[in-house]
Amino acid sequence: MTLLEQLPLWNHASIRVLDVRRSFVQQGESIQNFRLPASAFLIATYGGAQVRIDGNEHVIDRVYVCHAGKGASLDIFQVVERLDYYLIFYKAMMALPCRKELLTMYQNNNPFQVQYGFAPFNPLNIQSRIEHMNRQWQLDAQLEKFHVRALFHQFVYELFQQFNGCTGASTNQPDYVSQTIRYMKEHYGDAISLDDLASVLHCTPRQLQRLFKEKLGISPLEYLIQVRMGHAQSMLVNTNATLKVIAESVGYADHYYFSRAFKKFVGVSPIHYRYNCRLNPSYLSQNSIGSNDILSYSVEDDNHYRKYGEGVRNMNRSTKPMLAISLMLSLILLLGACTTGGGTGNNGRDANQTTQSSTVSPSAQPVEATQQSYPVVIKHMKGEYTLEQRPEKIAVLDTQFVDQLVALNEQPAGSVTAAGDTSDFPNYLMDKLTDVKVLGTKDEPNLEAILGMAPDFIICTEFQEEIYESLTKIAPTIMLNRNEDWKDTLVTFGKIVGKEQEAASVLEAYQEKVDKLKADLVLKLNGQSVALIRPRDDGIRVHTPSHRTAAILYNDLGLTAPEQVKVEKDTAYHISLEAMSDVGADHYFLLKDDMFKSLAEEFQSTEVWKSIDAVKNNRVYEVDTTLWIAYYGPIAINMVVDQITEAFIGTP
């Protein structure tokens, strides 16, 4: 449909001029992704540049006129000569009553949304009218605004005349798909309906549905879910925000509904996704929203849409974090290659290499004590390391090591955080920590943050195997077995900070404590069995005596494990909720945390759960997963023992 064929709609519509602006873009500058807030005419009066409207490009040389509807994306670039231009924003509505054929024409070919651009053959007439309109608008008086409305109709009349006389001039229908996608990206956290989208873009819901189906094979709301879930995945991996906060930020008022929608879309629950991504970074790429074979669409290229896995990456997964880490690794390795002397650390290949860094500050301990404790040889998973003096700025890459240090009246200068906790560091240690730098998570340490804190000693675990060499370029680094008995780890930390006697005292006090409780439990329980269980997405995890925390129950305190639990060889095994009765324990410690709280509550609301003898006898004791599992250090272990005492004996 030509512009002249659309004149009946212009004649019938109620039109209001919203704004008249005059502006310019200097040579070498640009305007990117400006979304038009209303239908608009852009009139260039001087200069040279390129203009792109929803992917349709126009070359401007002196006077040029463009039109586009609300929601269109405007770019001005490659400005070879200062570009002077005007923008006229207007709003047009079909006045009622209206003949049916006009409404049909309006719905199928909305002239106020159509896109076109051309160089007028009589530019002076166009220029004089727009300058007159701008002068009247700047007077800012009601009568003059009314005058602008009349001038606007004269301007449109002149424009249509010249457009009709231009050879090769044509119109383009707006790209509603790219406009809708852009709007979704900007407003995914708002409550959005199909009617809302159609209203914003001045088209019908049916028309929008049809266009999305034709180009992407999915509906607008299905694409909105894709956008929201992409942002939710990013927040789950990169923040410690709660599910409620994440749900609300991506447009879901009910976080329980969000959890169900996420699991339906991604395949796993949000908590399971967060946990597994932090446990295994490769899980992120294996279970991104792209794996659901959803279609992607690039608003920069109208033909740039295809199935994931065929070249188009997930629109919500940025490569910037990975690029930054890669650059940081390169920088660290470069620094390591340029460094000489003994301060580069020991990776286990040279047991005689020692710390010679002049950056180590004087020890806070008496000089005599330090001289008696050092040098000391630290055995670790990569060999041995000889400490010549007490390290002052220690970076630990597992939260259980924070506990170990605090138990010795020390603290790290920096630490990673735990995946299952909402706080940076253990709440029970917060009053004992001052100015401890956050170094990422156990599964994804932040190398940039580690480098920035300038540690003189780093303690990692096998979880950081892939970045171990990079860590050694920052500071001397040792690798400890994360599942080593906490008692042995404490002895190692005693050597590191020169407090071997303090470590021995902590261990002695613990042994006295558990020996007394062990005797009391023999009399109290009389052989009744105890099991340690943890709800997970795939059922319930039952921990065996081989597990480091369950060992406190069965080894340190001598509690009885159910027969089925005894025969299992691994540290844990999985069962369904329906198989809980087969465990047959008289007592259960139920591990719960923020990550699986809703799942545990879901299990507890079932009739199967309520039918278990231990549940009916009130012999299920809820405990915090993070405290019992992640914070495997002397203070946490003592708190675990206290909770066991409270469950079976009473307040310790």
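Quantities reported herein were computed from a predicted structural model and do not represent experimental measurements. The written sequence of each chain sets the order in which its residues are numbered from 1. Since the coordinates come from a predicted model, pLDDT governs what is reported: local features require at least 70, and pairs of side-chain atoms require 80 or more to be given and counted, while whole-chain, interface and lining totals use all residues. Side-chain numbers come from the whole structure's heavy atoms, not from hydrogens or water.

Undergrad: Can you lay out the overall build of the protein chain for me, pointing to particular residues and giving the numbers?
TA: Across its full length, the protein chain holds 27 helices and 22 strands. Out of the 652 residues in the protein chain, the part that is buried amounts to 52%. Residues count as neighbours in contact if any of their non-hydrogen atoms are within 4.5 Å of one another. Long-range contacts, defined as pairs at least 24 residues apart, comprise 70% of the intrachain contacts of the protein chain with a sequence gap of at least 6. Working definition of accessibility: Shrake-Rupley area with a 1.4 Å probe, residue cover restricted to the visible protein chains. If you sum the accessible surface of the protein chain, you get close to 30,100 Å²; carbon and sulfur atoms cover 49% of it. Numbering of helices and strands runs from the N terminus; a helix is a DSSP stretch of H or I covering at least four residues, while a strand is a stretch of E covering at least two. Per-residue accessibility, obtained with a 1.4 Å probe over protein chains only, is compared with the maximum for each type, and a residue is labelled buried under 20%, exposed over 50%, and partly exposed between these values.

Undergrad: With reference to specific residues and values, describe the packing of aromatic side chains.
TA: Two rings from Phe, Tyr or Trp (for Trp, the six-membered ring) form a pair when their centres sit within 6.5 Å of each other. Planes less than 30 degrees apart are called stacked, planes more than 60 degrees apart edge-to-face, and all others tilted. Enumeration over the complete set of coordinates arrives at 22 aromatic pairs. A centroid spacing of 5.3 Å and a plane angle of 85° characterise the contact between phenylalanine 41 and phenylalanine 155, whose relative ring orientation is edge-to-face. A residue pair is termed long-range when its members are at least 10 positions apart, and phenylalanine 41 in strand β3 (residues 39-53) and phenylalanine 155 in helix α4 (residues 142-165) qualify at 114 residues. The interplanar angle of 45° and the centroid separation of 5.3 Å between the aromatic rings of phenylalanine 401 and phenylalanine 493 together place this pair among those described as tilted. One end of the pair, phenylalanine 401, is in helix α15 (residues 399-407); the other, phenylalanine 493, is in helix α18 (residues 486-496), and 92 residues separate them in sequence. Each of the two residues, phenylalanine 401 as well as phenylalanine 493, counts as buried. Put simply, the rings of Trp10, Phe41, Tyr90, Phe112, Phe152, Phe155 and Phe160 pair up and form one aromatic cluster. Two limits define a charge over a ring: the Lys NZ or Arg CZ must be within 6 Å of the ring centre, and within 35 degrees of the ring normal. Just above the ring of tyrosine 252 sits the side chain of arginine 228; from NZ or CZ to the centre is 5.4 Å.

Undergrad: Before we move on, could you go through the sheet that holds strand β20 (residues 572-575) and cite the residues and values that matter?
TA: A pair of strands is considered paired only if DSSP assigns at least 2 bridges between the two. If you walk across this open sheet you meet the five strands as β20-β19-β18-β21-β22, and the pairing is mixed. If you trace the sheet from one side to the other, it starts and ends with β20 and β22 (620-624), each paired once. Mean inter-strand twist for the sheet, computed between neighbouring axes without regard to direction, equals 30°. Across four bridges, strand β19 (residues 539-543) lies against β20 in antiparallel orientation. Considered in β20, the bridge of arginine 541 is made with histidine 574. Of the strands in this sheet, β18 (530-536), β21 (587-592) and β22 are in contact with helix α27 (residues 634-648), which crosses β21 at around 135°. Whenever a helix is involved, its axis is fitted only over the stretch in contact; in every case the axis is a line through C-alpha atoms, and angles between N-to-C directions fall within 0 to 180 degrees.

Undergrad: Break down unusual backbone geometry for me, citing the residues and quoting the values.
TA: With phi around 50°, glutamine 78 is a residue other than glycine that occupies positive phi space. Tracing the backbone through its elements, the reader meets glutamine 78 in strand β6 (residues 73-94). Positive phi outside glycine occurs at asparagine 618, with the angle close to 55°. Tracing the chain through its elements places asparagine 618 in the loop between α25 (613-616) and β22.

Undergrad: Any details on the sheet that holds strand β13 (residues 394-396)? Residues and values, ideally.
TA: With parallel pairing, five strands are arranged side by side in an open sheet as β15-β14-β13-β16-β17. Both outer strands of the open sheet, β15 (437-441) and β17 (477-480), are each paired with one neighbouring strand and no more. The average undirected angle you get between the axes of adjacent strands in this sheet is 20°. Note that strand β16 (residues 457-461) and β17 share four bridges and pair parallel. Residue pairing across strands places isoleucine 458 opposite threonine 477, the latter belonging to β17.

Undergrad: Describe the pairing of strand β14 (residues 414-417), with residues and values.
TA: Sheet topology places β13 next to β14; two bridges connect them, and they run parallel. Counted as the bridge partner of valine 396 is serine 415 from β14. Classification remark: right-handed applies to a crossover when, strands pointing away from the viewer, the course from the first strand over the helix to the second runs clockwise. Regarding the hand of the β-α-β motif, the stretch spanning β13, α15 and β14 is right-handed.

Undergrad: Give me the lowdown on the packing of helix α19 (residues 500-525) against α27, citing residues and values where you can.
TA: Relative orientation and spacing of two packed helices are given, respectively, by the angle between their axes and the distance between those axes. Following both chains from N to C, one finds α19 and α27 inclined at 20°, their axes separated by 11 Å at the closest point. Comparing the axis directions of α19 and α27 gives the class roughly parallel. The hand of the α19/α27 crossing is left-handed. Contact with α19, carried on its side by Val506, Tyr510, Lys513, Val514, Leu517, Leu521, Lys524 and Leu525, involves Pro634, Ile637, Asn638, Val641, Asp642, Thr645 and Phe648 of α27 and no other residues of that element. Charged residues are taken to be Asp, Glu, Lys and Arg, nonpolar residues to be Ala, Val, Leu, Ile, Met, Phe, Trp, Tyr, Cys and Pro, and polar residues to be all remaining types, Gly included. Looking at the contact of α19 with α27 residue by residue, the class counts come to ten nonpolar, two polar and three charged. What sets the label is the angle itself: under 35 degrees gives roughly parallel, over 145 gives roughly antiparallel, 65 to 115 gives roughly perpendicular, and the rest give oblique. By convention the crossing between two helices is left-handed if the near helix lies anticlockwise of the far one by an angle smaller than a right angle, and right-handed if it lies clockwise.

Undergrad: Explain the pairing of strand β11 (residues 376-380) to me, and be specific about the residues and the numbers.
TA: Residues Val376, Ile378 and His380 line the buried face of β11, whereas the alternating positions Val377 and Lys379 sit on a face that is not buried. The loop that links β11 with its antiparallel partner strand β12 (residues 383-387) comprises two residues.

Undergrad: Lay out helix α8 (residues 220-238) in plain terms, naming residues and giving numbers.
TA: An ideal rise of 1.5 Å per residue puts 27 Å on 19 residues; α8 measures up with 27 Å between its terminal C-alpha atoms. Buried residues of α8: Pro220, Tyr223, Leu224, Gln226, Val227, Arg228, Met229, Gly230, Ala232, Gln233, Leu236 and Val237, and no others. Here the expected length of a helix is defined as 1.5 Å per residue gap, with one fewer gap than residues.

Undergrad: Kindly report on the side chain of aspartate 456, identifying the contributing residues and their values.
TA: By secondary structure assignment, the location of aspartate 456 is in the loop between α16 (447-453) and β16. When charges are counted, Lys and Arg are positive and Asp and Glu negative, with His and the chain ends excluded. Here a salt bridge means any side-chain nitrogen of Lys or Arg lying within 4 Å of a carboxyl oxygen belonging to Asp or Glu. We note that aspartate 456 is buried and unpaired, the nearest opposite charge coming from lysine 393 at a distance of 7.1 Å.

Undergrad: Can you break down the packing of helix α5 (residues 176-187) against α8 residue by residue, with the values?
TA: Contact pair α5 / α8: the axes reach a minimum separation of 10 Å and the direction vectors enclose 40°. As far as their axial angle goes, α8 and α5 are oblique. The element α5 and its partner α8 pack so that their crossing is right-handed. Where α5 approaches α8, its residues Ile181, Met184 and Lys185 are matched on the opposing element by Pro220, Tyr223, Leu224 and Val227. A per-class count over the contact of α5 with α8 returns six nonpolar, no polar and one charged.

Undergrad: Outline the pattern of salt bridges, supporting the account with residue identities and numerical values.
TA: Counted under the stated rule, the structure contains 25 salt bridges. Put simply, lysine 437 and aspartate 435 hold a salt bridge, and the shortest N to O gap is 3.3 Å. Here lysine 513 makes a salt bridge to aspartate 642, at a shortest N to O gap of 2.7 Å. Of this pair, lysine 513 sits in helix α19 while aspartate 642 sits in helix α27, placing them 129 residues apart in sequence. In this structure aspartate 642 comes out as partly exposed when scored by relative accessible area, which is 26%. Salt bridges sharing partners connect three or more residues here, namely Arg390, Glu392, Glu410 and Lys499.

Undergrad: So, the side chain of aspartate 556: which residues are in play, and what are the values?
TA: Turning to its location among the elements, aspartate 556 is positioned in helix α20 (residues 550-556). Not counting chain neighbours up to four residues away, the residues in contact with aspartate 556 comprise Lys487, Tyr510, Val514, Lys518 and Ala551.

Undergrad: Go over the environment of glycine 539, please, and point to the residues and values.
TA: Its location among the elements puts glycine 539 in strand β19. Sequence spacing of glycine 539 and glutamate 578 is 39 residues, and the spatial spacing of their C-alpha atoms is 9.2 Å. Contact partners of glycine 539, with chain neighbours within four places excluded, come to Arg534, Ile575 and Phe603.

Undergrad: Quick one: what's the story with the nonpolar core, residue by residue and with numbers?
TA: Of all hydrophobic cores here, the largest spans 79 residues; its most connected members are Ile459, Phe589 and Trp628. Excluding its chain neighbours within four sequence positions, the residues that come into contact with tryptophan 628 are Leu532, Thr549, Phe589, Leu591, Val623, Val640, Gln643 and Ile644. In this structure, Ala13, Val65, Phe112 and Phe118 belong to the second largest nonpolar core, which totals 34 residues. Put simply, a nonpolar core is a bunch of buried Ala, Val, Leu, Ile, Met, Phe, Trp, Tyr and Cys residues held in one set by side-chain atoms that sit within 4.5 Å of each other.

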